[in-house]
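# Understanding the architecture of this molecule
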Amino acid sequence: MKTPFLLTLIIVGLSLQLMGQISSIAPQQAAKNHYLEFSQLSSEPTFKRAELDEIIYPPEEYRNSTLLFALVKPHYLSSEQVDFLVKAVNFPANSSDQTRAELDFLLELQAKRTPEQIERVMNIARIGYWPTSAMLSSHPSYEKNLSNLFFEVREVMGENHTPEQFPATTKLLQGAMNDMRLMEFTVKYHLLRARPYQLEPKMEPLREIGSPSFASGHTLWAYTQAYILAELIPDKRKAFLDLAYEIGFSREVMGVHYPSDEEVARQISHRMVWLMWHTDTFQKDFTQAVAEWR
């Protein structure tokens, strides 16, 4: 998985500090657990499984609604930053040792799924904030969509925390989620990674998904919000990041994402928030949101 943008971010960060901008967000944690284990395997193509490298997410499965999200205008990021991040990431080759190990891991998860685990991951699967549903208060999904925006807030801070009580935080998260959806589907349709069940016939996903696999959208939104909320409410940082980890892992339990989909989504989320953080627009909205929590 390519990460050539690290040096660029360091250079940009130094330049912004020289310009008097606010210091950066908390650093990203290193990969852990099975994500670290798989990242140490070869991601390069292998001849013995070369036929798998011809498989991409089938175009007949595309959902037009998801394609449209790749065309929206970014809110905090610039179009150039989106384009740069999209081109800076890739997934392990289908034929690689890493992908094979990840598929075997998913098959093990599948064999061990419990009814309680299935109920939890399917409940998480139904959570999602969509900017299009937030445009008009008359939209039939408007209230539910707004509630979903605060899913992580409620899980960590309690059910009595609602968007209506925290309008500045709502505005901040809405802007970030606009950019997150743009990033999600731009990456997905740029790389067209097949879902695990399209490579491994033994996979039995709990649901089939109408967009390419890489990177995980649930993980992108989970960590994008977690990194922002961790800066707003620092004493709950671990709780937000643990929840984001659970949300990402739930997609593996479902059989719809490879571990590398989750890990790279985590990395992209941090770099997105880092770039947002160093804009005047984000800092203005963030400052107003901070006041609501203090």
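Residues numbered from 1 in each chain as written. Predicted model: local features only at pLDDT ≥ 70, side-chain atom pairs only at ≥ 80, totals over all residues. Heavy atoms only, no water.

## Some thoughts on the overall build of the chain
For the chain, the count of helices and strands is 14 helices and 0 strands. Sequence-ordered secondary structure for the chain, helices as α and strands as β, is α-α-α-α-α-α-α-α-α-α-α-α-α-α. Its C-alpha atoms give the chain a radius of gyration of 19 Å, near enough to 19 Å, the size a compact globule of 294 residues would have. Long-range contacts, defined as pairs at least 24 residues apart, comprise 84% of the intrachain contacts of the chain with a sequence gap of at least 6. When the accessible surface of the chain is totalled, it reaches about 13600 Å², and 56% of it is carbon and sulfur. On the chain, the mean spot of the 29 positive side-chain charges and the mean spot of the 36 negative ones are 2 Å from each other. (Helix = DSSP H or I, 4+ residues; strand = E, 2+ residues; numbered from the N terminus. Rg over C-alpha atoms; globule rule 2.2 N^0.38 Å. Contact = heavy atoms within 4.5 Å. Areas by Shrake-Rupley, 256 points an atom, 1.4 Å probe, with all protein chains shown as cover. Lys, Arg positive; Asp, Glu negative; His and termini not counted. Charge placed at Lys NZ, Arg CZ, Asp CG, Glu CD.)

## Thoughts on the layout of surface pockets
What the largest pocket holds in volume is close to 570 Å³. The wall of the largest pocket is formed by 30 residues, among which R63, A125, W130, R181 and H218 lie closest to the centre. Of all elements in the fold, only α3 (64–69), α7 (142–149), α9 (167–191) and α11 (217–232) reach the threshold of two or more residues within the lining of the largest pocket. By residue number, the principal contributor to the lining of the largest pocket is α9, which donates 4 residues. Among the residues forming the lining of the largest pocket, the class breakdown is 7 nonpolar, 13 polar and 10 charged. Roughly 220 Å³ of volume is contained in the second largest pocket. Every residue lining the second largest pocket is counted, 19 residues in all, and those nearest its centre are Q29, K32, Y223, Y245 and R266. Elements that contribute at least two residues to the lining of the second largest pocket include exactly α11, α12 (237–254) and α13 (259–277). No other element matches the 8 residues that α12 contributes to the lining of the second largest pocket. Of the residues contributing to the lining of the second largest pocket, the split by class is 9 nonpolar, 3 polar and 7 charged. (1 Å grid on protein atoms, 1.4 Å probe; cavity = no way out; pocket = protein on both sides within 12 Å on 5 of 7 lines; lining within 4 Å. Points joined across faces, edges and corners; volume = space filled by probe spheres on them. Nonpolar A, V, L, I, M, F, W, Y, C, P; charged D, E, K, R; others polar.)

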